[in-house]
Amino acid sequence: MAQIVMLDSGVGGLSVLDDVRALLPAVDITYVADNAGFPYGTKTEMEVATRVCALAGRLIERLRPDLLVIACNTASTIALAHARAVLDVPVVGTVPAIKPAAEASRTRVIGVLGTQATVRQPYVDRLSADHAGDCLVLRHGSARLVELAEAHLRGEAVTAADVAPELAGLTNQPGGDRIDQIVLACTHFPLLEPQLRAAAAPGIGFVDGGPGIARRVAHLLGARAGHGTGQGRAMFTNKDSEVDLLRPALHRYGLNIDT
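Residues numbered from 1 in each chain as written. Predicted model: local features only at pLDDT ≥ 70, side-chain atom pairs only at ≥ 80, totals over all residues. Heavy atoms only, no water.

Caption draft 1: Structural view of the side chain of Asp34. Structurally, Asp34 can be placed in the loop between β2 (28–33) and α2 (45–63). Residue class for Asp34 comes out buried when judged on its relative accessible area of 0%. Within the local environment of Asp34, its side chain forms a polar contact with the side chain of Thr237, the two groups lying 2.8 Å apart. Apart from residues lying up to four places away in sequence, Asp34 is in contact with Leu7, Asp8, Ser9, Gly10, Tyr40, Arg51, Leu55 and Thr237. (Helix = DSSP H or I, 4+ residues; strand = E, 2+ residues; numbered from the N terminus. Buried < 20%, exposed > 50% of the residue type's maximum accessible area, 1.4 Å probe, protein only. Polar contact = N/O pair within 3.5 Å; in protein donor to acceptor, adjacent residues only side chain to side chain. Contact = heavy atoms within 4.5 Å.)

Caption draft 2: Local environment of the sheet that holds strand β6 (residues 136–141). Ordered by their spatial adjacency, four strands build an open sheet running β6-β5-β7-β8, and the pairing between neighbours is parallel. With one partner strand each, in any of the chains shown, β6 and β8 (205–207) form the two edges of the open sheet. Strand-to-strand twist in this sheet, taken as the mean axis angle between neighbours without regard to direction, amounts to 25°. In terms of strand pairing, strand β5 (residues 109–114) meets strand β7 (residues 181–185) through five bridges, oriented parallel. Its bridge partner lying in β7, Gly111 is registered against Ile182. (Pairing = 2+ DSSP bridges. Axes fitted to C-alpha atoms, helices over the stretch in contact; angles between N-to-C directions.)

Caption draft 3: Molecular detail of the sheet that holds strand β9 (residues 232–236). Read across the sheet, six strands follow the order β4-β3-β1-β2-β9-β10 without closing on themselves; strand pairing throughout is parallel. If you trace the sheet from one side to the other, it starts and ends with β4 (91–92) and β10 (256–257), each paired once. Packing against the sheet, helix α1 (residues 14–23) makes contact with β1 (3–8), β2, β3 (67–70) and β9, and its axis sits at approximately 175° to β2. Here helix α10 (residues 210–221) sits on the sheet in contact with β1, β3 and β4, set at roughly 165° to β3.

Caption draft 4: Up close: the environment of Ala234. Counting through the fold element by element, Ala234 comes out in strand β9. The sequence separation of Ala234 and Val32 amounts to 202 residues, and the corresponding C-alpha distance is 5.8 Å. Beyond its immediate stretch of four places on either side in the chain, Ala234 contacts Tyr31, Leu250, Leu255, Asn256, Ile257 and Asp258.

Caption draft 5: View of the environment of Val95. Its place among the elements puts Val95 in the loop between β4 and α4 (98–104). Sequence separation of Val95 and Thr77 is 18 residues, and the distance between their C-alpha atoms is 6.5 Å. Ignoring any residue separated from it by four or fewer positions in sequence, one finds Val95 in contact with Asn73, Tyr123 and Leu127.

Okay, structure coming up:
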């Protein structure tokens, strides 16, 4: 049976899980939220790389999956190459969807909305140069949106007014009034896409990497992708009181909390 492990600092990777599950309903998925290390986006590169690779190694040894998905842009842009070098299973990362955003842009101005750690990475520079060389690429790092996404999944109300200041961090930059595509470069942010759309100017599109990740997972699993029970479970590195508040949302994504 095909089994994959998905790793994020919190619940953001559920946006990726949703796309993977839609394409591969039979795959067994273990979703691991490293809430003891949450959030990754405000940590140093060394802290993220060390933590992610050590945790991933333990998970691979314990669970023996066919494949690991690092369902976190911050962790992927910092630690993906190292993880692939030290782990003995295929590793799929999550990188900002700058290429499809550039392909869709008519104004040739795109925004990249991620964590502080993601938007400052040289990897983002390379993606922009390779796939959006004729575009103005504006970036904004937001820790607040990560917190709001986690709160939303716990059942707390999050409105367009709550997310509007984070969008303004992009649109208030020189040239920001011409943005027509925004890359959601943190897996938490698609969880707030309805609120972001409501807060954004008409005509702005939002792009994330979830569908591309799902296709990559399907390619790597091949025929094995059709063999499984479709079960899902969620594991947390710190079982605090907030985990129980996430239970209803996790059930909506087909996950039971592993005890």
